[in-house]
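Below are the chains, spelled out letter by letter.
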Amino acid sequence: MVAGAAAVYTLRLADDCLVLSHRLAQWSSRAPTLEDDIALTNVALDLLGQARGLYARTAELDGTGRSEDDYAFMRGEREFVNCLLVEQENGDFATTIARQLLCSTFQLAQWQALTTSTDAQVSAVAAKAVKETSYHRDHATDWTLRLGDGNDESHRRMESALAALWPFTAELFESDAVAREADALGVGPDPAALRPEWQAYVRRVLDDATLVVPESTWTPSGGRQGLHTESFGYMLAEMQHLHRSLPGVTW
Amino acid sequence: MTAVDEIRNIAGAIPDPEMPALTIADLGILRDVRVDASGHVDVDITPTYSGCPALDTIREDVERCVRDQGYTDVTVRIVLSPAWTTEWMSEAGRVKLREYGIAPPRQHGFDLTLLTIAVQCPRCDSSRTHELAHFGSTQCQAVRQCDACGETFPHFKEH
């Protein structure tokens, strides 16, 4: 038994959604086309909504009664338990699309499994999120095909984006005591179980996009324990600036 | 008219903040109204999308309208389950959407894989249309173009 495993588990899900949402929101007014400016910020908004539902449930499970804002704005870097992949910088458009393909494929498989969660609040958020996230994956898939099977420049950029991000995918499927306990309680799947489905889909898309699945022996991890990569601190500083400067601010 | 019916009519007539041509009853956002013996009113609403920014406004509008009608003890609850689906949109809502220039969602009997009907252009009714972008000006819309008249129009996505 791990005390409070369910709360830690839902907090991980929520942090993944919030951090990825904030990264995508950073594209606002900067995307290469108007359609994609709108698409990326729409995806960000879906993720933010998913995060809110999960923070609300976490506050009940961990008994702190914290607000959604408390989780988002009043925690330090070491208290965030998102995976490292979602916090990676946007880079060029290809990097963001590669990150979206890897993340949304993982999240869709996870949401599908979460629709049968024994936690009614989690399964309700999941039922909604499955539909939203399948759009996110479609969007990332379309762009991966266009960039990978596009011209030399787009192919090269997609290839280097994948090479940079691939090492961070190992952490998505890491199992630990919290994940096993959540699985045993029926709250949600042990992420290790999601790997075959993720791998099959990503490989098929990369094949169709004439891209090679990168190989990597470096498998950075630590996000679930609050140990993050360098750029995450800068992202949080910007995201939390208002709440840190004016504690208790409302609008 | 019973109190429940009266409240349902008042709350149901509130326009959606992002698509004011439609009411929250047309969209199927208003799920349930209950009045207990002490006169306490519970209203359930369901968001169309997880992060829908209009939801807080809708909740405030419902609270205010029901209070203004004399039902001062009111709680508006946001209910996530069962998840909202475009199947809940009323026929009147679909007609209003088309008149507003938005292609309504196709009916799919809760099975999204059965969507084979073409999306019709709200301007000329042609079935020859194609998608320009998965995402549009709100979370619930995609952007399409008509091959017959050239009109670019939003399509309320099936969900």
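Conventions adopted
- Residues numbered from 1 in each chain as written.
- Chains lettered and ligands numbered in written order.
- Predicted model: local features only at pLDDT ≥ 70, side-chain atom pairs only at ≥ 80, totals over all residues.
- Helix = DSSP H or I, 4+ residues; strand = E, 2+ residues; numbered from the N terminus.
- Buried ≥ 20, exposed ≤ 12 C-beta atoms within 10 Å, placed from the backbone.
- Contact = placed C-beta atoms within 7 Å.
- Pairing = 2+ DSSP bridges.
- Core = buried A, V, L, I, M, F, W, Y, C linked by C-beta atoms within 7 Å.
- Domains from an automatic or database assignment.
- Axes fitted to C-alpha atoms, helices over the stretch in contact; angles between N-to-C directions.

Asker: Go over the overall build of chain B with me, naming the residues and quoting the values.
Answerer: Scanning chain B for helices and strands turns up four helices and six strands. Taken from the N to the C terminus, the helices and strands of chain B come in the order α-α-β-β-α-β-α-β-β-β. Its C-alpha atoms give chain B principal-axis dimensions of about 60 × 30 × 25 Å. Of all 159 residues assigned to chain B, the portion counted as buried reaches 38%. Within chain B, residue pairs in contact and separated by at least 24 positions form 50% of the contacts whose partners lie at least 6 positions apart.

Asker: Now, about the pairing of strand 1 (residues 30-35) of chain B: what can you tell me, with residues and values included?
Answerer: Residue and element names in this part refer to chain B. Direction of pairing for strand 1 relative to strand 2 (residues 41-45): antiparallel, over a ladder of five bridges. Note on strand 2: the bridge partner recorded for Val35 is Val41. Connecting the antiparallel pair strand 1 and strand 2 is a turn made up of five residues, with Gly39 showing a positive phi of about 90°.

Asker: I'd like a description of the nonpolar core, backed by residues and values.
Answerer: Judged by nonpolar contacts, the single largest core of 73 residues is most densely connected at Tyr9, Ala14, Leu85 and Ala98 of chain A. Counting residues per element, this core draws most heavily on helix 1 (residues 5-25) of chain A, at 13 residues. Those residues within four positions of Ala14 of chain A in sequence are excluded, and the remaining contacts are Ala51, Leu54, Tyr55, Thr58 and Tyr71 of chain A. Ala11, Leu27, Val62 and Val74 of chain B belong to the second largest nonpolar core, which has 30 residues in total.

Asker: I'd like to hear about the domain arrangement of chain B, residue by residue, with values.
Answerer: Residues and elements named next belong to chain B. Looking at chain B, the domain boundaries give domain 1 (3-78) and domain 2 (89-156). The straight-line distance from the C-alpha centre of domain 1 to that of domain 2 is 27 Å. Domain 1 puts twelve residues into the contact, and the matching count from domain 2 is ten residues.

Asker: With reference to specific residues and values, describe the sheet that holds strand 2 of chain B.
Answerer: All names here are of chain B. Spatial ordering of the open sheet is given by 1-2-3, a layout of three strands whose pairing is mixed. At either end of the open sheet lies a strand with only one pairing partner, and these are strand 1 and strand 3 (74-78). For this sheet, the mean angle separating the axes of adjacent strands, direction not counted, is 15°. Pairing analysis gives five bridges linking strand 2 to strand 3, with the strands arranged parallel.

Asker: Provide a residue-level description of the environment of Ile29 of chain B, including the pertinent values.
Answerer: Residues and elements named next belong to chain B. Secondary-structure assignment places Ile29 in the loop between helix 2 (24-27) and strand 1. Put simply, Ile29 and Tyr49 are 20 residues apart on the chain and 11 Å apart in space, counted from C-alpha to C-alpha. Excluding its chain neighbours within four sequence positions, the residues that come into contact with Ile29 are Ile24, Ile45, Thr46, Thr48 and Ile58.

Asker: An account of the sheet that holds strand 4 (residues 129-133) of chain B is requested, with residue identities and associated values reported.
Answerer: Residues and elements named next belong to chain B. Taking strand neighbours across the sheet as the criterion, the three strands line up as 4-5-6 in an open arrangement whose pairing is antiparallel. Each edge of the sheet is formed by a strand with only one pairing partner; in this case those strands are strand 4 and strand 6 (152-156). Direction aside, the axes of adjacent strands within the sheet are offset by 45° on average. Bridge analysis of strand 5 (residues 141-146) against strand 6 gives five bridges, and the strand direction is antiparallel. Paired with Gln141 across the bridge in strand 6 is Phe156.

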